[in-house]
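Observations on the model geometry
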Amino acid sequence: GGKTLLHLLPGHRHDRESAVSVDPSPEKGTTGKKHERRESVIRFHEVHVRLYRTEVSINPAVSKGPAISLCWEYEAAPPVNVDEYEASQPRRKKLKELKLTPQERAAMLEASGVSKREMKAAIKATNIARRKRVETLETLRQSALHERIEHVKHKLKRKLKMKKSDEEAEADLWKNAEAYFLTNC
């Protein structure tokens, strides 16, 4: 009965929710004073399995092939006793075993009904998003450099106590500071 519900359908993933009961009981040896301690016993009774469809997505962290994500909608299977569920599970995968190859992701998406055209469009959008992310990081780096240059300029002006009549000296200092940071940072 319950074991067949635990197998994944093609193009589906699952997660677990557990129904929990907590039984608070006073700790042995407590005096009942101001800071009374209590122990909690947590018992897991059942596991609720949800089956999620997969869909193609846009994720700049994916370097090759289509990105994959779970849909919001799910199918709920009947609750299963936690001990039965754990007994039916294969060994847990190691972290490196969880990474899907581009071919595995494409196969999962095809099994979910995603067309090759949709995958191509998502890959293109992912590449654009990745390029924009790189541009943003470059802009942030340049902004930080510009802020440092302005900070040095402000310090130099304060140190030299420049007056408005010294505009030429200020321009020279600005050029020197900018040249220094562009070559050394």
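Residues numbered from 1 in each chain as written. Predicted model: local features only at pLDDT ≥ 70, side-chain atom pairs only at ≥ 80, totals over all residues. Heavy atoms only, no water.

A look at helix α4 (residues 102-111)
Operational definition: Here's how the labels work: a residue is buried when its accessible area is under 20% of the maximum for its type, exposed when over 50%, partly exposed in between, all with a 1.4 Å probe on protein chains only. The way it works is that DSSP assigns letters per residue, a run of H or I at least four long becomes a helix, a run of E at least two long becomes a strand, and they are numbered from the N terminus. This arc is built from the directions going out from the helix axis to the C-beta atoms. Note on definitions: a residue-residue contact is assigned when non-hydrogen atoms from the two residues lie within 4.5 Å.
For α4, every residue scored as buried is listed here: Arg105, Ala106 and Leu109. Along the axis of α4, the buried residues cluster in a sector spanning 100°; they form a single face. Of the surrounding secondary structure, the elements contacted by the buried residues of α4 are β2 (38-57), β3 (67-76) and α5 (116-160). Where α4 ends, the next residue or the one after it, Gly113, has phi of about 95°, a positive value.

A closer look at the environment of Glu104
For Glu104, the location among the structural elements is in helix α4. The partly exposed category is assigned to Glu104, whose relative accessible area is 39%. As for Glu104 and Pro66, which are separated by 38 residues in sequence, their C-alpha atoms are 9.8 Å apart.

What to know about the side chain of Thr54
Our working rule: For the purposes of these results, a polar contact is taken to be a pair of N or O atoms within 3.5 Å, where, inside protein, one atom must be able to donate a hydrogen and its partner to accept one; residues adjacent in sequence count only when each atom of the pair is a side-chain atom.
Secondary-structure assignment places Thr54 in strand β2. A polar contact is formed between the side chain of Thr54 and the side chain of Ser112, at a distance of 2.6 Å.

Side note on the environment of Trp72
Looking at where Trp72 falls in the secondary structure, it is placed in strand β3. With relative accessibility at 79%, the residue Trp72 sits in the exposed group. Residues Trp72 and Arg53, 19 residues apart in the sequence, show an inter-C-alpha distance of 8.3 Å.

Observations regarding the confidence of the model for the protein
Using the following cut-off: Every residue is assigned a pLDDT by the predictor, reflecting its confidence on a scale from 0 to 100.
Predicted confidence across the protein gives a mean pLDDT of 78, with 77% of residues reaching 70 or more. The spread of mean pLDDT over the elements of the protein runs between helix α1 (residues 2-6), the lowest at 31, and α4, the highest at 93. Here residues 1-23 is modelled with pLDDT under 50, and outside its nearest four sequence neighbours on either side it reaches 70 contacts, counting other chains as well.

What to know about the packing of α5 against helix α6 (residues 167-184)
We count it as follows: To get an axis, fit a line to the C-alpha atoms, keeping to the stretch in contact for a helix; angles then go from 0 to 180 degrees between the N-to-C directions. Roughly parallel means an angle under 35 degrees; roughly antiparallel means over 145; roughly perpendicular covers 65 to 115; every other angle is labelled oblique. The sense of a crossing depends on the near helix, which, turned anticlockwise from the far helix by less than a right angle, makes the crossing left-handed and, turned clockwise, makes it right-handed. Ten residue types, Ala, Val, Leu, Ile, Met, Phe, Trp, Tyr, Cys and Pro, are classed as nonpolar, four, Asp, Glu, Lys and Arg, as charged, and the remainder, Gly among them, as polar.
Closest axis-to-axis distance for the α5/α6 pair is 10 Å, and the angle between their directions is 140°. Our classification of the angle between α5 and α6 gives oblique. Note on packing geometry: the crossing formed by α5 with α6 is right-handed. Residues Leu145, Arg148, Ile149, Glu150, Val152, Lys153, Leu156, Lys157 and Leu160 of α5 pack against Glu170, Leu173, Trp174, Ala177, Glu178, Phe181 and Leu182 of α6. Taken together, the residues of the contact of α5 with α6 sort by class into 10 nonpolar, no polar and 6 charged.

A word on the environment of Arg43
Note that Arg43 resides in strand β2. For the pair Arg43 and Val82, spaced 39 residues apart in the sequence, the C-alpha separation amounts to 9.9 Å.

Focus: the pattern of salt bridges
Just so we agree on the cut-off: Salt bridges, as used here, are contacts in which a Lys or Arg side-chain nitrogen is within 4 Å of a carboxyl oxygen on Asp or Glu.
Per the stated rule, a full pass over the model turns up 3 salt bridges. In this structure, Glu97 engages Arg91 in a salt bridge whose closest nitrogen and oxygen atoms are separated by 2.7 Å. Exposure remark for Arg91: the relative accessible area of 56% places this residue in the exposed category. Across the pair Glu138 and Arg141 runs a salt bridge whose closest N-O atoms are separated by 3.1 Å. Residue Glu138 and its partner Arg141 are both found in helix α5; the two are separated by 3 residues, about one turn of the helix. Given the relative accessible area of 45%, Arg141 is considered partly exposed.

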